[in-house]
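This is what each chain is made of:
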Amino acid sequence: MSNREEDHNDTPAHQVKLVPLSRSIIKPLFFLFTFLIIVSTYITYNYLINKTEVQFYDQLLEYIVQRGKRESELFKLTRDDLLRFKNEFLFQYTTNPKSDFTDWFKSHLEIHNDGTFRSLPQYFDGVWTKKGTFEQGIGIVMAPGIEKTMEIQRRMGISYDLLLKYGPAWRSRFTNLWFVAPEKVSLTYWPEIPWSLNISAEHNWEDEEWFYNTNKKNDPQRDIVWTGIYFDSPANHWMISAALPIDIAGQQIGTVGTDIQSDDLFNRTNRTNCTLSDSLIASYSIILGQDGRIIVHPHKMAEIIKDHNAKFSVESAQDKQLLSIFNKVKSTPSFPAIIDNIGNDEFIAVTKIEGPNWYLISVYSKSIFKEKIAKNAYFMIAMGFGSLLTALFMIYMVVHKKVAQPLGLLTETINDFDAITEARSELTGNLSNIEMLQSRSDEVGLLVRAFIEKANRLKIVYQDIEKAKEHLEEKVASRTQSLIKAKETAEAANQSKSEFLANMSHELRTPLNVILGFSRLMERDPSVTPEQLENLKLIRRSGDHLLVLINDVLDMSKIESGRIAFNPETFDLVYLLEGIETMFKQRASDKNLNFSLEKQVEVPQYVITDRGKLRQILFNLLGNAINYTHHGDIILKISKMDKPLNLDFLDKQTLNINKETQVRFEITDTGIGISQKDIGIIFNQFIQVDQKAVSKSGTGLGLTICQSFVQIMGGCLNVESKENKGSTFWFDLPIQVPDPDNIVKSESPNRPIALAPGQPQYRILIIEDHEESRIVLSKLLEIVGFNVLAVDDGESGIGAISTFQPDLVLMDIRLPVMDGLTATKIIKSTETGKDIPIIALTAHAFKRERLKILAAGCDNLICKPYDEAELFAMFVSHLGVKFVYEKKPLKKKISPIITGKPLSLTALAQLPQELTEELQAAAIELNYNRSIDCIGQIRLLDSSLADMLEGLASTFRFEEILSELDKGKKL
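Remember, predicted model here, so these are calculated numbers, not experimental data.

Peer 1: Honestly, the pairing of strand 25 (residues 763-767) in this entry has me stumped. Any pointers?
Peer 2: Counting buried residues along strand 25, 4 of its 5 residues qualify, which places the element largely inside the surrounding structure. Alignment of strand 25 against strand 26 (residues 787-791), held across 5 bridges, turns out to be parallel. Counted as the bridge partner of Arg763 is Asn787 from strand 26. In this fold, strand 25 hands off to helix 21 (residues 771-784), which returns the chain to strand 26; that crossover is right-handed. As defined by bridge partners, strand 25 adjoins strand 27 (residues 808-812) across 4 bridges and the pair is classed as parallel. Bridged to Ile764 within strand 27 is Leu808.

Take a look at the structure:
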């Protein structure tokens, strides 16, 4: 057997376990989206619970206020009517000269066997008098042994006339109307029930609550008194009575009153057509006296009636829940009020009924709205998981069919391939098995074509080697050349691998551009709620994290293929550092870490270097510092170094360099540190040490890329570390300071929201075959105010040049029918299109491709996912467009309310009246956007006060704004 056959059949002792590509993609996506669904559902559930509880609380408070007023109307009306009766009785009594009512007495009453005088039955049923009046429904009774004095008869006659006058008129309001003299004489208007005819002669008047409560001892104020619920035996009803004493010269001569049947009050209080009770099945209302006496209770009335206990109270009921409610009500300082009974998970709405001063209590279970919200939450989770499984299944099928299966076939062919084997179709290593994949136009097809080409070359090489065996010594030189070619072939295959990774990165960045673009578009929508805005930011942060992973892979492919380039540009170093400080200070704060930025004054503000690489280096190093630090500090130091510079690799004339310097960037943390044995390997690819110390994972490429980028920028990345003490990473970069005259400063750090007035209607042509990318770019430009036309291929774009006459063209490079470079050359060759700026859109642009794009006639290019600031800067640069920028500052300050710093009432009092009125109106409307606009005007007068107000508005604490404005007005 030959040596080659032995090598081919050699089997490694330990083989790496194969994990399918489709599974490795689906598994992390499943856990990531599952986490997002659960977190978003949990946040939404708690938000809805809190919001609904607040709304329910406010609605309940308004309801109990209105309910209290409505229920008090009956008692206020009773008071007014009885006062009217009393006043007219006193007027008749003191002014009417008639004193002899003997005839009237004889015509209306007769003596009974029990010694009582009672009204004739026909008068209760109704009779026509000689005067032509109809008298009905009044029953009269005089207890046995009462002397029929002229005074008694006069009071009875006057009250009889008034009962006939007011009784029928007030029937729609009250059950009856009655007058009782202290001498145990009673007149009652009650057509349905002959109370005075049914009362027993032995009836004990002194035991009646309405009787003894009106004497001077029990009612010194001589005001209307209300009884509790009691059983009226003559009427055979449970009643509640209102009684008003009538005095002449300090002497009680009578009592006027009316009754309410307990059933009427119960039905009125617990009726089901009340505003809030229409759909609330877990609620009920009760009325309690201030002494705990039960007036109305939906579950206790039967017990009261059964025991005939008119004094039935909360303590008598022996109901712990009822006793707890009463104790909470008694301890409430003011009414109306809403009591949050946390123990029973319910709201207790309570107010006082004017007149008797009873407690009107409505009890509402929180389960009313919690159950509905819980059902919605379950539905959200079910829909989320259903959508997740569907999406993952589709991704799995696409990846499995389009990527995993072809790669598996290609791998199998590579493993079984033998360059010296005769071409036989039954061998799995035969290249004919993968020839069908050559027709694919994607990266897989490219890789297959490259492999087949290299395999065929390899076959030729091996054939030459076999022929050279016979003449080994003569063919040494020829064999050496063949080995060199074989080495070049292997290197080409490795190069193809890097190109494949780069092209795969392109395919991933295109949909990621759509995701990030639409999330930014939705953030611009003024109708987006703060909760939705946080969800959009979560999506964008996840997309940014995915972009970092993609960029790591792409950067490594660039580094391996030698295509990474140094791209210097002029930018504001201070602005870059402040943005980094804002981002990582928040991340550090989330872990209770202290983050600080220390910059020497000598460090220039505007510099020339590769901004993108510097930003990525700092992001990777600071991200590692936060991940591996659990307590203490993280410090980013920037200082100027006095060292000789080597800047031979820069074109100083092209960059308009004014002077040169060297700046040190140093990141120090108090984290877990790095052991000495690991320091030597941390810059290797895919190396991650101390994985158990952190909960996050990455590609293991961060430090490798940082080292490569630092070296490309002219420096070297160094590290010092001690275990459990912390680490320090630093690098010195040669930095160029541009000529001040050549610095172009940004007009505003905020994003554009519209075109400035007085400008032409700019027409923008978008040539992009990816539909989602086309939509998101069109919407972004239309929101700002551009006139946009979008087409999906190069030929359509060329046709639109003459019809649409755009001011600027955004040209995708990869297009069907005609690619972007060809279309650009044609447009630039025409008289109409030669002066139109063309900005190339590309998902991956190496240096050689950048030169190729610019050579085709493009005026500039933007890489996907593109940055909004970079995109709008192109319009400013090539068209001179002027924008209206967002008013809110780019970097928000910490809310003063969160930090506990109070508002200055003096500063509020000194604001112009129109500003305070505008802010008050916005706060009453709970209008966030209107409040922020008003606070922006206040900022021009007092920035500190504006910061505090913005903190309140940002957390929707409008009631505190209103409270502080009221206090300020009183100064």
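Peer 1: Explanation requested: the sheet that holds strand 26 in the structure shown.
Peer 2: For sheets, the rule is that strands pair by backbone hydrogen bonds, running either parallel or antiparallel. Strand order in the open sheet formed by 5 strands is 26-25-27-28-29, and the pairing between neighbours is parallel. Each of the sheet's edge strands pairs with one partner strand only, and the pair in question is strand 26 and strand 29 (860-863). Here the average twist between neighbouring strands, direction ignored, is 20°. Against the sheet, helix 22 (residues 794-804) contacts strand 25, strand 26 and strand 27, and its axis sits at roughly 165° relative to strand 25. Sheet strands in contact with helix 23 (residues 820-829) are strand 27 and strand 28 (838-842), and its direction is about 155° off that of strand 27.

Peer 1: Is there a simple way to think about the environment of Gly726 in this case?
Peer 2: You can see Gly726 is positioned in strand 23 (residues 726-738). Accessibility expressed as a relative area gives 8% for Gly726, which makes it buried. Along the backbone, Gly726 and Asp633 are 93 residues apart, and their C-alpha atoms lie at a distance of 9.6 Å. For Gly726, the contacting residues outside a window of four places in its chain are Asp669, Thr670, Gly671, Gly673, Glu720 and Ser721.

Peer 1: Quick question: what am I supposed to make of the nonpolar core here?
Peer 2: Note on soluble globular proteins: their nonpolar side chains tend to be buried together. Formed by 68 residues in total, the largest nonpolar core has its most connected members in Phe85, Met156 and Ile361. Apart from the residues within four sequence positions on either side, Met156 is in contact with Trp104, Phe105, Leu109, Ile140, Met142, Val185 and Leu187. One finds Leu614, Leu621, Phe665 and Val710 within the second-largest nonpolar core, a separate group that totals 40 residues.

Peer 1: Please clarify how the sheet that holds strand 16 (residues 358-365) should be interpreted in this entry.
Peer 2: Here we have 5 strands laid out as an open sheet, ordered 13-12-16-15-14, and antiparallel in their pairing. Across the chains shown, the open sheet's two edge strands, defined by having one partner strand only, are strand 13 (294-296) and strand 14 (337-341). Averaged over all pairs of adjacent strands, the angle between their axes in this sheet comes to 30°, without regard to strand direction. As defined by bridge partners, strand 12 (residues 283-288) adjoins strand 13 across 2 bridges and the pair is classed as antiparallel. Its bridge partner being in strand 13, Ile287 is matched across the sheet by Val296.

Peer 1: Hey, could you run me through helix 22 in this one?
Peer 2: Along an α-helix, residues three or four apart share an orientation, since each turn contains 3.6 residues. Of the residues making up helix 22, those classed as buried are Gly794, Gly797, Ala800, Ile801 and Phe804. The buried residues of helix 22 occupy an angular sector of 115° when the element is viewed end-on, so they sit on one face. In this structure, the buried residues of helix 22 make contact with strand 25, strand 26, strand 27 and helix 23. The N-capping residue of helix 22, defined by a side-chain oxygen 3.0 Å from the backbone nitrogen of Glu795, is Asp793. Positive phi appears at Gln805, one or two residues downstream of helix 22, with a value of about 50°.

Peer 1: For this particular structure, what's the right way to read the packing of helix 28 (residues 913-924) against helix 29 (residues 928-939)?
Peer 2: For any two helices packed against each other, the geometry is given by the interaxial angle and the distance between the axes. At their nearest, the axes of helix 28 and helix 29 sit 9 Å apart, and the two run at 160° to each other. Judged on the interaxial angle alone, helix 29 and helix 28 are roughly antiparallel. As helix 28 runs across helix 29, the sense of the crossing is left-handed. Between helix 28 and helix 29, the contacting residues are Leu915, Glu918, Leu919, Ala921, Ala922 and Ala923 on the first element and Arg930, Ser931, Cys934, Ile935, Gln937 and Ile938 on the second. When the residues that make up the contact of helix 28 with helix 29 are grouped by side-chain class, the tally is 8 nonpolar, 2 polar and 2 charged.

Cut-offs and rules
- Residues numbered from 1 in each chain as written.
- Predicted model: local features only at pLDDT ≥ 70, side-chain atom pairs only at ≥ 80, totals over all residues.
- Heavy atoms only, no water.
- Buried < 20%, exposed > 50% of the residue type's maximum accessible area, 1.4 Å probe, protein only.
- Helix = DSSP H or I, 4+ residues; strand = E, 2+ residues; numbered from the N terminus.
- Pairing = 2+ DSSP bridges.
- Right-handed = clockwise from strand over helix to strand, strands pointing away.
- Axes fitted to C-alpha atoms, helices over the stretch in contact; angles between N-to-C directions.
- Contact = heavy atoms within 4.5 Å.
- Core = buried A, V, L, I, M, F, W, Y, C linked by side-chain atoms within 4.5 Å.
- Arc of directions from axis to C-beta.
- Polar contact = N/O pair within 3.5 Å; in protein donor to acceptor, adjacent residues only side chain to side chain.
- Parallel < 35°, antiparallel > 145°, perpendicular 65-115°, else oblique.
- Left-handed = near helix turned anticlockwise from the far one by under 90°.
- Nonpolar A, V, L, I, M, F, W, Y, C, P; charged D, E, K, R; others polar.

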